[in-house]
Amino acid sequence: MSDEKANLHLRDATYDFDVIPANEGNHGINISPLRATSGAVTFDPGFANTAATKSSLTYVNGAEGMLRHRGYRIEDLAEHCTFLEVTYLLLMGELPSRKQLDAWTAEVRVHTLVNEEMKGFFDSFPRSAHPMAILSSATNAISTWYEAYYNPSDPEAVAESAKRLIAKMPTIAAWAYKKSIGQPYIYPRNDLTYVENFLHMMFGLPVEEMDIDPVIAKAMNVLLILHADHGQNASTATVRFVGSTQANLFASVAAGMNALWGPLHGGANQAVIEMLQAIHDDPDATTETYVARAKDKNDPFRLMGFGHRVYKSYDPRARILKGFADEVLSRSGVDDPLMEIANKLEQVALEDDYFVSRNLYPNVDFYSGIIFRALGFPSRMFTVLFALGRLPGWIANWKEMHEDPTTRISRPRQIYIGERTRDFVFIEDR
Ligand code: CMC
C-alpha cells in the first residue's frame, strides 16, 4: 500500500481512499469503505473499470498488445513449452524443471480415464447436442465421484480435483465429439503426450492404429497454450464468482464453461467461421457488405473475432495465430478459401475509420477457427477447444482466490430504480 490517496468529493464531504499500486498496468483505488462512509456505491456496467481482485497470474497490456503469464511472454511460452508445462507454471507459479515436469506429467497421466458409468451419461444426450452443453454437464457430473475433494479449504483436496479435471477434460471433450458423430468412445492412451492423447481420442477408431501428425500435434499444443489464461475475462470471473460461495472446483469450472459458451466470449470462434462461411456461400456478399453491416448501429450484427475489452491494439495471440494459420494450411496442404476471406476482411476493417477510431483489431478467435478447421475439428467443437485450453487459467484463478485471506463472497450492489412502496391490490381489483 502506498501513502497516495484518492479523494472523492460528494455532497459537501470529502472521502479519502487508499491507492493500491500495481507492479504493471492500472493501479487501483480501494473503495471498500465507500458505502459505509458515504452511503454511495459505484456504478460500472460490465465492470470495465473495476478490479475484483489482485492477481499474480497474468498481465495483459491492452495498449501495447502484450500478454504474459507469471512474467513470461506468451510468444516464448507458445514457442518453447508444452501445454502441461504452462499449466504447471500457472498453477505452481514457476516453470518446472525437467524432473518436476516429468513428475507432473506422470501425476496427471494416471487420471485420464473417466468412470465407465460416464458412457451412459454421454449416451443420454441427443446426437444433435452441442458439445459445450455436454462438456459443462459432464464436468459437473464427474464431480459426483469426487465428493471427498469438494472442500476448497483443503489444499490436498484442491490439488486432487485440479489434477483430475486437467487429466479428464480431453477425454470428456473427445467423447462429447464422438457422441455427436455416433462413433465409439476411444479410451485414453497414457503412453502419448497430453495433446497426442487428445487427438487420438478425437480422431482415432478402435479398428485401426492412428498415426498422429506431429505438425497437427504441435499446432494443437500452441493453440491450447494461447488460450491458457487471460486475466478476469467473463468465464474466469464466473469461476471466481461461483468459487467465492465455496462451491467446489468442478462446479465452479462448469459455470465458467457456460459463461465461455456465449458468442461474445469463447463462442466467437464458432461464430467467426460461420460468418466467413456465410460470406463464402452468398454470391451477393462481399467483405465490404459485412463491414458495412457491422458499422450499422441499426443492425445487431458485429464483426465476429474483432474487438476486445482490454486490447486496444492487435491481440498478440491473434498475431501468433495469423502466422501460424498460414504455416499450418501450407504444411497440411489445405487450401481453405475462408483464410482468404479472413485476410480480406481484416484488411478492409483495419483501413476503415469506424474500426480504426474504436481500436477494433482481430482477437484470438479470428484466426483460431481456421486452424482448428485445418486440423479437422468441426466448428461446433471450437469453443470446447477454447475451454480445454482455458482450464488451467480457471483453476489457477480459483486457487489464487481461495489462498487469498481477504476473499469474500462475490456480491455486487445495485442502484434500485424501481417502484417505491405500493399498497397491495387484491386480485379481484386488478
Ligand atoms: N463489430 C462492430 N463493432 C464493434 C465490434 C465488432 N466486433 N466490437 C466493438 N464494436 C464497437 C461497439 O459497437 C462500440 O461502438 P460505439 O462506441 O459506437 O458504441 C465500440 O466498438 C466499443 O465496443 P464495446 O461493445 O463497448 O466493447 P466491449 O469491451 O464492451 O466488448 C467485445 C468487447 C469483445 C464483446 C466486442 O468487441 C465484440 O462484441 N466483439 C465481437 C465478439 C468477439 O469477437 N468476441 C471475442 C472476444 S476475444 C476472446 C474472448 O475473450 O473470448
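Residues numbered from 1 in each chain as written. Predicted model: local features only at pLDDT ≥ 70, side-chain atom pairs only at ≥ 80, totals over all residues. Heavy atoms only, no water.

1. Quick word on unusual backbone geometry
Its identity as a non-glycine residue notwithstanding, aspartate 12 has a phi of 70 degrees, on the positive side. You can see aspartate 12 is positioned in the loop between strand 1 (5-10) and strand 2 (13-20). A positive phi angle, close to 50 degrees, is found at phenylalanine 47, a residue other than glycine. Turning to its location among the elements, phenylalanine 47 is positioned in the loop between helix 1 (34-38) and strand 4 (58-61). The exposure class of phenylalanine 47 is exposed, given its relative accessible area of 53%. (Helix = DSSP H or I, 4+ residues; strand = E, 2+ residues; numbered from the N terminus. Buried < 20%, exposed > 50% of the residue type's maximum accessible area, 1.4 Å probe, protein only.)

2. Comments concerning the packing of helix 14 (residues 316-331) against helix 15 (residues 337-350)
In the contact formed by helix 14 and helix 15, the axes pass within 12 Å of each other and the chain directions differ by 155 degrees. With respect to helix 15, the axis of helix 14 lies roughly antiparallel. Of the two possible hands of crossing, helix 14 and helix 15 adopt the one that is left-handed. When helix 14 is examined against helix 15, the residues Lys322, Ala325, Asp326 and Leu329 are found in contact with a partner set consisting of Met339, Asn343 and Glu346. For the contact of helix 14 with helix 15, the class distribution of residues is three nonpolar, one polar and three charged. (Axes fitted to C-alpha atoms, helices over the stretch in contact; angles between N-to-C directions. Parallel < 35°, antiparallel > 145°, perpendicular 65-115°, else oblique. Left-handed = near helix turned anticlockwise from the far one by under 90°. Contact = heavy atoms within 4.5 Å. Nonpolar A, V, L, I, M, F, W, Y, C, P; charged D, E, K, R; others polar.)

3. As for the site of the ligand
The local shell around the ligand holds 22 residues, among which His265, Arg302, Leu303, Gly305 and Arg309 are the closest. Glycine 305 is positioned such that a nitrogen or oxygen atom in its backbone is 2.8 Å from an oxygen atom of the ligand. Within the side chain of arginine 358, an N or O atom sits 2.9 Å from an oxygen atom of the ligand. Relative to its unbound accessible area of 940 Å², the ligand is 76% covered by the protein chains. Here the shell around the ligand is built from residues that sort into eleven nonpolar, six polar and five charged. (Near = heavy atom within 4 Å. Polar contact = N/O pair within 3.5 Å; in protein donor to acceptor, adjacent residues only side chain to side chain. Areas by Shrake-Rupley, 256 points an atom, 1.4 Å probe, with all protein chains shown as cover.)

4. Observations regarding the packing of aromatic side chains
For the structure on display, the rule yields 22 aromatic pairs. When the ring of phenylalanine 121 is compared with that of phenylalanine 122, the centres are 6.0 Å apart and the planes differ by 90 degrees; the resulting orientation is edge-to-face. Looking at phenylalanine 122, the relative accessible area reads 0%, which means it is buried. A ring pair is formed by phenylalanine 198 and phenylalanine 377, whose centres lie 6.1 Å apart and whose planes are at 15 degrees; its orientation type is stacked. (Phe/Tyr/Trp six-rings, centres within 6.5 Å; stacked < 30°, edge-to-face > 60°.)

5. Here's the deal with a nonpolar patch on the surface
Together, Val41, Phe43, Ile415 and Ile417 give the surface a local cluster of nonpolar side chains, amounting to about 460 Å² of exposed area. Note on placement: isoleucine 415 falls in the segment after helix 18 (382-403). (Patch = residues over 30% accessible without salt bridge, like charges linked within 9 Å, V, L, I, M, F, W, Y side chains within 5 Å. Salt bridge = Lys/Arg side-chain N within 4 Å of Asp/Glu carboxyl O.)

6. What to know about the pairing of strand 5 (residues 66-69)
Sheet faces and side chains relate simply in a regular strand, where the side chains alternate between the two faces. Bridge count between strand 4 and strand 5: four bridges; the pairing is antiparallel. Across the sheet, residue tyrosine 59 finds its bridge partner in strand 5, namely arginine 68. Here strand 4 folds back onto strand 5 in antiparallel fashion, the turn holding four residues, of which glycine 65 has a positive phi close to 70 degrees. Taken together, the two bridges between strand 5 and strand 6 (residues 72-73) define a ladder with antiparallel strand orientation. Within the sheet, the bridge partner assigned to histidine 69 lies in strand 6 and is tyrosine 72. Turn length for the strand 5-strand 6 hairpin, with the two strands adjacent in sequence and antiparallel, is two residues, and the turn residue arginine 70 shows positive phi of about 50 degrees. (Pairing = 2+ DSSP bridges.)

7. Observations regarding the sheet that holds strand 6
The antiparallel open sheet is built from three strands, whose spatial order is 4-5-6. Sheet topology places strand 4 and strand 6 at the edges, where each strand pairs with a single neighbour.

So yeah, pure geometry; function would need other evidence.
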